[in-house]
Amino acid sequence: MTQDLTRLSASDLASALRNKDVTSVEATQAHLDRISAVDGDLHAFLHVSSEEALATAAEVDAQRAAGEELHPLAGVPIAVKDVVVTKGLPTTAGSKILEGWIPPYDATLVERIKAAGLPILGKTNMDEFAMGSSTEHSAYGNTKNPWDLDRIPGGSGGGSAAAVAGFEAPLAIGTDTGGSIRQPGAVTGTVGVKPTYGGVSRYGLIAMASSLDQAGPVTRSVLDAALLHELIGGHDPHDSTSINEPVPGVVAAAQQGAQGDLKGLRVGVVKELSGEGYQAGVSARFDESLDQLRALGAEIVEVSCPSFGYALDAYYLIMPAEASSNLAKFDGMRFGLRVEPAEGPVTAERVMGATRGAGFGDEVKRRVILGTYALSAGYYDAYYGSAQKVRTLIQRDFAAAFEQADVLVSPTAPTTAFKFGEKLDDPLAMYLNDIATIPANLAGVPGMSLPNGLSDDGLPVGFQILAPAKADDRLYRVGAALEAALESRWGGPLLNQAPELKTTELAR
Amino acid sequence: MSTISRDEVARVAALARIDLRPDEVARLAGELDVIVESVARVSEVATADVPATSHPLPLTNVFRDDVPEPALPIQDVLAGAPQQENGRFAVPQILGEE
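Residues numbered from 1 in each chain as written. Chains lettered and ligands numbered in written order. Predicted model: local features only at pLDDT ≥ 70, side-chain atom pairs only at ≥ 80, totals over all residues. Heavy atoms only, no water.

*Asks:* Help me understand the overall build of chain A, please; the structure alone is not making it clear to me.
*Replies:* A tally of regular secondary structure across chain A gives 16 helices and 11 strands. Referenced to the eigenvectors of the C-alpha coordinate spread, the extents of chain A come out at roughly 65 × 55 × 45 Å. Burial analysis of chain A (508 residues in total) assigns 66% to the buried set. Within chain A, counting contacts between residues at least 6 apart in sequence, those at least 24 apart form 77% of the total. In the structure as shown, chain A presents an accessible area of about 16300 Å², 49% of it carried by carbon and sulfur atoms. Positive and negative charge centroids in chain A, built from 41 and 62 side chains respectively, lie 2 Å apart. (Helix = DSSP H or I, 4+ residues; strand = E, 2+ residues; numbered from the N terminus. Buried < 20%, exposed > 50% of the residue type's maximum accessible area, 1.4 Å probe, protein only. Contact = heavy atoms within 4.5 Å. Areas by Shrake-Rupley, 256 points an atom, 1.4 Å probe, with all protein chains shown as cover. Lys, Arg positive; Asp, Glu negative; His and termini not counted. Charge placed at Lys NZ, Arg CZ, Asp CG, Glu CD.)

*Asks:* Which parts of the structure should I look at to understand the overall build of chain B?
*Replies:* Summing up its helical and strand segments, chain B has four helices and two strands in all. Counting helices and strands in the order they occur from the N terminus, chain B gives α-α-α-α-β-β. Computed over the C-alpha atoms, the radius of gyration of chain B is 22 Å, more than 25% above the 13 Å expected from 2.2 N^0.38 for a compact globule of 98 residues. A principal-axis box enclosing the C-alpha atoms of chain B has dimensions of 55 × 45 × 25 Å. Buried residues in chain B amount to 31% of all 98 residues. Averaging the locations of the 8 positively and 17 negatively charged side chains of chain B gives two centres separated by 3 Å. (Rg over C-alpha atoms; globule rule 2.2 N^0.38 Å.)

*Asks:* Got a minute to help me understand helix 12 (residues 362-375) of chain A in this structure?
*Replies:* Along an α-helix, a turn takes 3.6 residues, which lines up residues three or four apart on a common side. All names here are of chain A. The end-to-end C-alpha distance of helix 12 is 20 Å, a good match for the 20 Å that 14 residues give at a rise of 1.5 Å each. The buried count for helix 12 comes to 12 of 14 residues, which makes it a mostly enclosed element. Those residues of helix 12 that fall on the buried side of the exposure criterion are Glu-363, Val-364, Lys-365, Arg-366, Arg-367, Val-368, Ile-369, Leu-370, Gly-371, Thr-372, Tyr-373 and Ala-374. (Expected span 1.5 Å × (residues − 1).)

*Asks:* I keep staring at the pattern of salt bridges and nothing clicks. Help me out?
*Replies:* Pairs can form between side chains of opposite charge once their charged atoms are near each other. The full count for this structure, using the stated rule, is 26 salt bridges over all chains. Notably, a salt bridge pairs Lys263(A) with Asp261(A), separated by 3.7 Å at the nearest N-O pair. Classification of Asp261(A) by relative accessible area gives partly exposed; the value is 40%. A salt bridge links Glu24(B) to Arg21(B), with the nearest nitrogen and oxygen atoms 3.7 Å apart. Residue Arg21(B) is classed as partly exposed on the basis of its relative accessible area of 47%. A single salt-bridge network, built from bridges that share partners, covers Asp362(A), Glu363(A), Arg366(A), Arg367(A), Arg27(B) and Glu31(B). (Salt bridge = Lys/Arg side-chain N within 4 Å of Asp/Glu carboxyl O.)

*Asks:* Would you mind showing me how to read a nonpolar patch on the surface here?
*Replies:* A cluster of nonpolar side chains, namely Leu72(B), Val77(B), Phe89(B), Val91(B), Ile94(B) and Leu95(B), defines an oily patch on the protein surface of about 520 Å² accessible area. Its relative accessible area of 38% is what places Val91(B) among the partly exposed residues. (Patch = residues over 30% accessible without salt bridge, like charges linked within 9 Å, V, L, I, M, F, W, Y side chains within 5 Å.)

*Asks:* Help me understand the packing of helix 9 (residues 280-295) of chain A against helix 16 (residues 472-490) of chain A in this model?
*Replies:* Pairs of packed helices are described in terms of their axes, by the angle between the two and the distance that separates them. Residue and element names in this part refer to chain A. Orientation of helix 9 relative to helix 16, taken along the N-to-C sense of each, is 105 degrees, at an axis distance of 10 Å. Taken together, the axis directions place helix 9 and helix 16 in an arrangement best described as roughly perpendicular. Between helix 9 and helix 16, the contacting residues are Glu-288, Ser-289, Gln-292 and Leu-293 on the first element and Val-478, Leu-482, Ala-485 and Arg-489 on the second. Its residues assigned to classes, the contact of helix 9 with helix 16 shows four nonpolar, two polar and two charged. (Axes fitted to C-alpha atoms, helices over the stretch in contact; angles between N-to-C directions. Parallel < 35°, antiparallel > 145°, perpendicular 65-115°, else oblique. Nonpolar A, V, L, I, M, F, W, Y, C, P; charged D, E, K, R; others polar.)

*Asks:* Could you clarify how one ought to interpret the packing of aromatic side chains in this entry?
*Replies:* Aromatic ring pairs are reported here in terms of the distance separating the ring centres and the angle at which the planes meet. Summed over all chains, the structure comprises 14 aromatic pairs over all chains. An aromatic cluster is present here, built from Trp101(A), Phe129(A), Phe330(A), Phe335(A) and Phe360(A) joined pairwise through their rings. (Phe/Tyr/Trp six-rings, centres within 6.5 Å; stacked < 30°, edge-to-face > 60°.)

*Asks:* For this particular structure, what's the right way to read the side chain of Asp406(A)?
*Replies:* Residues and elements named next belong to chain A. Residue position: Asp-406 is located in the loop between helix 13 (381-404) and strand 9 (407-411). Of the residues examined, Asp-406 reaches a relative accessible area of 16% and is grouped as buried. In terms of polar contacts, Asp-406 uses its side chain to reach the backbone amide nitrogen of Arg-266, at 2.8 Å. The residues contacting Asp-406, other than those within four sequence positions of it, are Gly-264, Leu-265, Arg-266, Pro-468 and Arg-474. (Polar contact = N/O pair within 3.5 Å; in protein donor to acceptor, adjacent residues only side chain to side chain.)

Here you go:
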């Protein structure tokens, strides 16, 4: 095959593998070469596992040659966010406190990826412990946006989004606590899905906020996201919050949606997630997408979710409170860094303080201390307790809105990718990136971001679709329909319009 | 008006077991203040008649059958520890007093 294998969608690559037009070793090597050529600039990967990936690829090729029945995605390479534990591969969650740690077990979703025979290319960069919207809080340096290397790739999953947007991997895993899959998707022109809370096992995810965290697919097409969603989703007895029901038929929904018929579908525009604070080009693309959905037969209705105005406030109480508790495990005793105090007695308590003082970055310290404050005596009811009540109000808003509409839509992020450093000194401005994505995490409902055009600055814009809990299939039906209509107008995927990355000549 | 003083930050940092340098305490006092002021807004709508929600979907406790399952090999678990001794985690003295 002479065509560039890194440009294929995962589903097309899977077909080529099934038809034996190409081997998994060839496909995997092509992606590893691409990583060698562009990742010096992009820095999407913290660790590249060439040997392991090629070994898996060779194994899958042998099984295929022997006529064994394989998973549809067998042999298609994938990148995994570094917050997901991988047996034998370094896992740091972007933190110095875990530098060099090699987990003794696999996350459930990694077990499923391995069982299906997807070669794991490596681990992707992220904001430390998934705390951030730009990867600027990674302890290992920024990931660059393939559309403009001076700009952020979003966060926390900027590494996974940049790897997929930069054609280093056709598929990647992300995690989304307040938008860490969807916002990077929006600013890099890729597709990201946060499944219903409990839809994908959290076992083996290094937890930030346990009641909000959810893993999901990061891809270049809606169908690819559906294929990966079906692979990693489903019940897991190791996660007590895992939904014990079959995964909604997301692949079938994506295929149906691609036919382009949305007659009878009610699309709700959330009044509170538009207007002031949204970049003009973002709003313009959003309005055009609504017209497009209308042309496909959908009915557009306006819905109001008045409590969304408090979602960000509630999120920034619940998330740090849960994070401060989850991160207590980094005590310098069982794994990762241990630092002894410079002077005075060497006790466990003082070692813990010194280890965390040295091992945690600024944003992690900020959130753990805020969370500890919110949970400490005297503040619990006023802060954490009140935030949990806001959660109820947001759920009620969603319930009312889904009476009027089958899906809800909004821009994914208020702006396109900003420049490095622009918001680093202003935590609140950074947090505002997540204003449209956070309500879904608080309510547990599924959400998708897909590219819907370029803003006036030539940078990608994301379109967010939200569905009721356990109705993830609706995201794929609507997303695939819009994607097909947009791509026919653009003459191909939006990423075809991205600038070519400078490649480094391979030393062979 | 500052909600969180430097002393308060230092106290909470001690509870969180994070050693902070004096410049970090000063910076965090300013930054946390901004955040706390904004989150105090939630009290405006969180009235007594609204129940709290802890998890997005209603949860019931989950039990598995009470049968042994294989655990990770001890050496695999200890491999990531800063220090180990005789098949156990080696930790500094737990109590501050002799």
